Amino acid sequence: AQSVAQPEDQVNVAEGNPLTVKCTYSVSGNPYLFWYVQYPNRGLQFLLKYITGDNLVKGSYGFEAEFNKSQTSFHLKKPSALVSDSALYFCAVRDGRGGKLIFGQGTELSVKP
Amino acid sequence: GAVVSQHPSWVICKSGTSVKIECRSLDFQATTMFWYRQFPKQSLMLMATSNEGSKATYEQGVEKDKFLINHASLTLSTLTVTSAHPEDSSFYICSAPKGGEGRNTEAFFGQGTRLTVV
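Calculation rules
- Residues numbered from 1 in each chain as written.
- Chains lettered and ligands numbered in written order.
- Predicted model: local features only at pLDDT ≥ 70, side-chain atom pairs only at ≥ 80, totals over all residues.
- Heavy atoms only, no water.
- Helix = DSSP H or I, 4+ residues; strand = E, 2+ residues; numbered from the N terminus.
- Buried < 20%, exposed > 50% of the residue type's maximum accessible area, 1.4 Å probe, protein only.
- Polar contact = N/O pair within 3.5 Å; in protein donor to acceptor, adjacent residues only side chain to side chain.
- Contact = heavy atoms within 4.5 Å.
- Core = buried A, V, L, I, M, F, W, Y, C linked by side-chain atoms within 4.5 Å.
- Disulfide = S-S within 2.5 Å.
- Buried area = accessible area lost by both parts, 1.4 Å probe.
- Salt bridge = Lys/Arg side-chain N within 4 Å of Asp/Glu carboxyl O.
- Nonpolar A, V, L, I, M, F, W, Y, C, P; charged D, E, K, R; others polar.

## A look at the environment of R94 of chain A
Residue and element names in this part refer to chain A. For R94, the location among the structural elements is in strand 10 (residues 87–94). Classification of R94 by relative accessible area gives buried; the value is 5%. Sequence separation between R94 and L48 is 46 residues; the distance between their C-alpha atoms is 13 Å.

## Comments concerning the side chain of T107 of chain A
All names here are of chain A. Positionally, T107 belongs in strand 12 (residues 107–112). At 3.0 Å, the side chain of T107 and the side chain of Q6 are in polar contact. The residues touching T107, leaving out its near neighbours within four places in the chain, are Q6, E8, D9, Q10, V11, V21, A87, L88 and Y89.

## Digging into the nonpolar core
Membership of the largest hydrophobic core comes to 26 residues, with the highest contact counts inside it found for L33, W35, L47, L48, F74, L76 and Y89 of chain A. Counting residues per element, this core draws most heavily on strand 10 of chain A, which supplies 4 residues. V4, I21, M33 and L115 of chain B belong to the second largest nonpolar core, which has 24 residues in total.

## Overview of the state of the cysteines
What the rule picks out here adds up to 2 disulfides over all chains. In this model, C23 of chain A is linked to C91 of chain A through a disulfide, with the two sulfur atoms separated by 2.0 Å. Disulfide C23 of chain A-C91 of chain A: torsion about the S-S bond near -60 degrees, hence left-handed. Of the two residues, C23 of chain A is situated in the loop between strand 3 (19–21) and strand 4 (24–26) and C91 of chain A in strand 10; the sequence distance between them amounts to 68 residues. Like C91 of chain A, C23 of chain A is buried. The disulfide partner of C23 of chain B is C94 of chain B, and the gap between their sulfur atoms is 2.0 Å. Here the S-S torsion is close to 80 degrees, and the disulfide linking C23 of chain B with C94 of chain B is therefore right-handed. With C23 of chain B in strand 3 (residues 19–25) and C94 of chain B in strand 9 (residues 90–98), this residue pair connects regions lying 71 residues apart in the sequence. A relative accessible area of 0% places C23 of chain B in the buried class. Overall, the relative accessible area of 0% leaves C94 of chain B in the buried class.

## Quick look at the interface of chain B and chain A
Facing the 25 residues of chain B at the interface are 24 residues of chain A. Taken together, both faces of the contact between chain B and chain A bury some 2000 Å²; the carbon and sulfur share is 51%. Inspection of the region where chain B meets chain A yields 2 salt bridges. A salt bridge links E106 of chain B to K49 of chain A; the shortest N-O distance between them is 3.7 Å. Applying the counting rule to chain B against chain A returns 5 residue pairs in polar contact (both at pLDDT 80 or more). Where the side of chain B that touches chain A is concerned, the elements lending two or more residues are strand 4 (32–38), strand 5 (44–51), strand 9 and strand 10 (106–109) of chain B. Here the side of chain B that touches chain A is built from residues that sort into 9 nonpolar, 10 polar and 6 charged.

Structure follows, in C-alpha coordinates:
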(Lines give C-alpha, C1' and ligand atoms only; values in the text may rest on other atoms or scores of the structure.)
Protein backbone atom coordinates (compact mmCIF):
# COMPACT_ATOMS: atom_id res chain seq x y z
CA ALA A 1 0.00 0.00 0.00
CA GLN A 2 1.13 3.53 -0.74
CA SER A 3 1.77 5.84 2.17
CA VAL A 4 3.54 9.02 3.16
CA ALA A 5 4.58 10.22 6.57
CA GLN A 6 5.24 13.69 7.86
CA PRO A 7 7.21 13.29 11.08
CA GLU A 8 6.70 16.84 12.34
CA ASP A 9 3.32 18.14 13.45
CA GLN A 10 4.66 21.68 13.54
CA VAL A 11 7.63 23.59 12.18
CA ASN A 12 8.55 27.04 13.45
CA VAL A 13 10.80 29.30 11.40
CA ALA A 14 11.84 32.92 11.58
CA GLU A 15 11.02 35.07 8.58
CA GLY A 16 13.90 35.16 6.12
CA ASN A 17 15.34 31.85 7.27
CA PRO A 18 15.25 28.71 5.15
CA LEU A 19 12.51 26.24 5.86
CA THR A 20 12.18 22.49 5.44
CA VAL A 21 9.05 20.41 5.85
CA LYS A 22 9.81 16.72 5.89
CA CYS A 23 8.07 13.86 4.11
CA THR A 24 8.99 10.22 3.68
CA TYR A 25 7.22 7.78 1.45
CA SER A 26 6.58 4.09 1.06
CA VAL A 27 5.38 2.94 -2.33
CA SER A 28 5.36 -0.03 -4.61
CA GLY A 29 6.48 0.94 -8.05
CA ASN A 30 7.33 4.44 -9.18
CA PRO A 31 6.36 7.16 -6.71
CA TYR A 32 4.18 10.03 -7.83
CA LEU A 33 4.58 12.57 -5.03
CA PHE A 34 2.89 15.88 -4.35
CA TRP A 35 2.94 18.80 -1.98
CA TYR A 36 -0.16 20.84 -1.18
CA VAL A 37 -0.76 23.84 1.07
CA GLN A 38 -3.95 24.58 2.94
CA TYR A 39 -4.96 27.90 4.47
CA PRO A 40 -7.61 27.98 7.23
CA ASN A 41 -11.04 26.81 6.08
CA ARG A 42 -9.88 26.49 2.49
CA GLY A 43 -9.27 23.68 0.07
CA LEU A 44 -5.84 22.52 -0.96
CA GLN A 45 -3.58 24.41 -3.30
CA PHE A 46 -1.09 22.53 -5.42
CA LEU A 47 2.57 23.42 -4.87
CA LEU A 48 4.57 20.90 -6.83
CA LYS A 49 4.89 17.30 -7.90
CA TYR A 50 7.51 14.69 -8.69
CA ILE A 51 6.73 12.24 -11.45
CA THR A 52 10.10 11.49 -12.95
CA GLY A 53 13.22 13.32 -14.02
CA ASP A 54 15.22 15.79 -11.99
CA ASN A 55 15.34 15.11 -8.30
CA LEU A 56 14.96 18.79 -7.50
CA VAL A 57 11.47 19.95 -8.32
CA LYS A 58 10.57 23.62 -8.40
CA GLY A 59 7.04 24.71 -7.65
CA SER A 60 4.80 27.62 -6.83
CA TYR A 61 5.58 30.54 -4.50
CA GLY A 62 9.31 29.82 -4.43
CA PHE A 63 8.96 26.32 -2.98
CA GLU A 64 10.99 23.37 -4.13
CA ALA A 65 11.30 19.75 -3.11
CA GLU A 66 14.07 17.23 -3.33
CA PHE A 67 13.30 13.66 -4.24
CA ASN A 68 15.76 11.25 -2.59
CA LYS A 69 15.25 7.66 -3.59
CA SER A 70 17.82 6.16 -1.23
CA GLN A 71 16.26 7.88 1.76
CA THR A 72 12.69 7.57 0.41
CA SER A 73 12.17 11.24 1.17
CA PHE A 74 10.55 14.19 -0.55
CA HIS A 75 11.23 17.19 1.68
CA LEU A 76 9.71 20.57 0.89
CA LYS A 77 12.06 23.53 1.05
CA LYS A 78 12.18 27.26 0.61
CA PRO A 79 15.33 29.38 0.85
CA SER A 80 13.70 32.32 2.62
CA ALA A 81 10.46 31.95 4.55
CA LEU A 82 7.69 34.55 4.55
CA VAL A 83 5.10 35.15 7.25
CA SER A 84 2.47 34.49 4.59
CA ASP A 85 3.86 30.96 4.16
CA SER A 86 2.29 30.07 7.52
CA ALA A 87 -0.23 27.33 6.73
CA LEU A 88 -0.83 23.60 6.83
CA TYR A 89 1.28 21.57 4.41
CA PHE A 90 0.46 18.12 3.12
CA CYS A 91 2.62 15.62 1.35
CA ALA A 92 0.70 13.12 -0.79
CA VAL A 93 1.30 10.09 -2.95
CA ARG A 94 -0.80 8.97 -5.85
CA ASP A 95 -2.55 5.67 -5.27
CA GLY A 96 -3.05 3.74 -8.43
CA ARG A 97 -4.19 5.31 -11.64
CA GLY A 98 -6.15 8.51 -11.76
CA GLY A 99 -6.19 11.29 -9.21
CA LYS A 100 -6.66 9.38 -5.96
CA LEU A 101 -4.24 10.69 -3.35
CA ILE A 102 -3.09 9.41 0.01
CA PHE A 103 -2.11 12.23 2.33
CA GLY A 104 0.38 12.54 5.12
CA GLN A 105 -0.67 13.79 8.52
CA GLY A 106 0.08 17.37 7.68
CA THR A 107 2.63 19.79 9.10
CA GLU A 108 1.69 23.18 10.43
CA LEU A 109 4.26 25.75 9.40
CA SER A 110 4.52 28.89 11.48
CA VAL A 111 6.72 31.72 10.25
CA LYS A 112 7.31 34.49 12.76
CA PRO A 113 8.46 38.00 11.87
CA GLY B 1 -4.78 25.51 -13.53
CA ALA B 2 -8.21 23.97 -13.55
CA VAL B 3 -11.04 25.12 -11.32
CA VAL B 4 -13.17 23.03 -9.00
CA SER B 5 -16.03 24.76 -7.26
CA GLN B 6 -17.60 23.42 -4.10
CA HIS B 7 -20.84 24.72 -2.65
CA PRO B 8 -21.78 25.70 -0.03
CA SER B 9 -18.64 26.92 1.75
CA TRP B 10 -20.30 26.46 5.09
CA VAL B 11 -23.60 25.15 6.35
CA ILE B 12 -25.28 24.78 9.72
CA CYS B 13 -28.07 22.27 10.02
CA LYS B 14 -30.18 20.68 12.71
CA SER B 15 -29.72 17.09 13.83
CA GLY B 16 -31.76 14.71 11.76
CA THR B 17 -31.83 16.80 8.62
CA SER B 18 -29.95 16.15 5.39
CA VAL B 19 -27.38 18.35 3.73
CA LYS B 20 -26.24 18.31 0.12
CA ILE B 21 -22.79 19.46 -0.95
CA GLU B 22 -22.00 20.06 -4.61
CA CYS B 23 -18.67 19.71 -6.37
CA ARG B 24 -18.29 21.04 -9.90
CA SER B 25 -15.40 20.97 -12.30
CA LEU B 26 -15.82 24.27 -14.10
CA ASP B 27 -13.48 23.99 -17.06
CA PHE B 28 -12.90 20.29 -17.55
CA GLN B 29 -14.77 17.03 -17.40
CA ALA B 30 -14.17 14.53 -14.63
CA THR B 31 -15.47 10.99 -14.80
CA THR B 32 -14.13 10.50 -11.31
CA MET B 33 -14.22 12.76 -8.29
CA PHE B 34 -13.08 12.17 -4.74
CA TRP B 35 -14.64 13.16 -1.43
CA TYR B 36 -12.47 13.71 1.63
CA ARG B 37 -13.24 14.50 5.23
CA GLN B 38 -10.94 16.51 7.43
CA PHE B 39 -11.03 16.98 11.20
CA PRO B 40 -9.44 20.07 12.73
CA LYS B 41 -5.72 20.20 12.12
CA GLN B 42 -5.73 16.66 10.82
CA SER B 43 -5.16 15.03 7.50
CA LEU B 44 -7.64 14.42 4.73
CA MET B 45 -9.30 11.03 4.89
CA LEU B 46 -10.67 9.68 1.65
CA MET B 47 -14.34 8.83 2.05
CA ALA B 48 -15.33 7.70 -1.39
CA THR B 49 -14.68 7.79 -5.09
CA SER B 50 -17.51 9.21 -7.14
CA ASN B 51 -17.92 7.61 -10.57
CA GLU B 52 -19.93 9.19 -13.33
CA GLY B 53 -22.67 6.85 -14.48
CA SER B 54 -22.08 4.20 -11.84
CA LYS B 55 -22.09 3.65 -8.10
CA ALA B 56 -19.60 5.34 -5.85
CA THR B 57 -16.82 3.34 -4.27
CA TYR B 58 -16.65 3.82 -0.52
CA GLU B 59 -13.62 3.43 1.70
CA GLN B 60 -13.72 0.98 4.53
CA GLY B 61 -15.69 2.25 7.50
CA VAL B 62 -17.66 4.87 5.58
CA GLU B 63 -21.43 4.34 5.70
CA LYS B 64 -22.74 4.54 2.17
CA ASP B 65 -26.32 4.98 3.33
CA LYS B 66 -25.31 7.95 5.40
CA PHE B 67 -23.07 9.63 2.87
CA LEU B 68 -24.92 9.43 -0.43
CA ILE B 69 -22.89 10.24 -3.50
CA ASN B 70 -24.30 10.97 -6.90
CA HIS B 71 -22.19 11.75 -9.95
CA ALA B 72 -24.92 13.20 -12.13
CA SER B 73 -22.79 14.46 -14.98
CA LEU B 74 -19.19 14.78 -16.12
CA THR B 75 -18.88 18.03 -14.20
CA LEU B 76 -20.96 17.49 -11.07
CA SER B 77 -20.78 15.23 -8.05
CA THR B 78 -22.88 15.65 -4.93
CA LEU B 79 -22.42 14.39 -1.39
CA THR B 80 -25.53 14.22 0.76
CA VAL B 81 -25.10 13.74 4.48
CA THR B 82 -28.35 12.11 5.55
CA SER B 83 -29.87 12.31 9.01
CA ALA B 84 -26.98 14.41 10.16
CA HIS B 85 -25.69 14.20 13.72
CA PRO B 86 -23.24 16.42 15.58
CA GLU B 87 -20.46 13.88 15.03
CA ASP B 88 -20.83 14.47 11.29
CA SER B 89 -19.63 18.02 11.81
CA SER B 90 -16.43 18.33 9.83
CA PHE B 91 -14.73 19.91 6.85
CA TYR B 92 -15.55 18.12 3.61
CA ILE B 93 -13.40 18.59 0.52
CA CYS B 94 -13.85 17.30 -2.99
CA SER B 95 -11.27 16.88 -5.69
CA ALA B 96 -11.44 16.21 -9.38
CA PRO B 97 -8.52 14.85 -11.40
CA LYS B 98 -7.71 16.39 -14.72
CA GLY B 99 -5.86 14.33 -17.26
CA GLY B 100 -7.57 10.96 -17.13
CA GLU B 101 -5.47 8.18 -15.69
CA GLY B 102 -2.16 9.12 -17.17
CA ARG B 103 1.00 9.96 -15.30
CA ASN B 104 0.39 13.66 -15.61
CA THR B 105 -3.02 13.52 -14.00
CA GLU B 106 -3.35 16.26 -11.43
CA ALA B 107 -5.99 16.58 -8.73
CA PHE B 108 -7.71 19.92 -8.22
CA PHE B 109 -9.55 20.65 -5.02
CA GLY B 110 -12.69 22.48 -4.14
CA GLN B 111 -12.56 25.14 -1.44
CA GLY B 112 -14.18 22.85 1.08
CA THR B 113 -17.45 22.86 3.03
CA ARG B 114 -17.58 23.42 6.76
CA LEU B 115 -20.57 21.44 8.08
CA THR B 116 -21.82 22.10 11.59
CA VAL B 117 -24.66 19.99 12.92
CA VAL B 118 -26.45 21.41 15.95
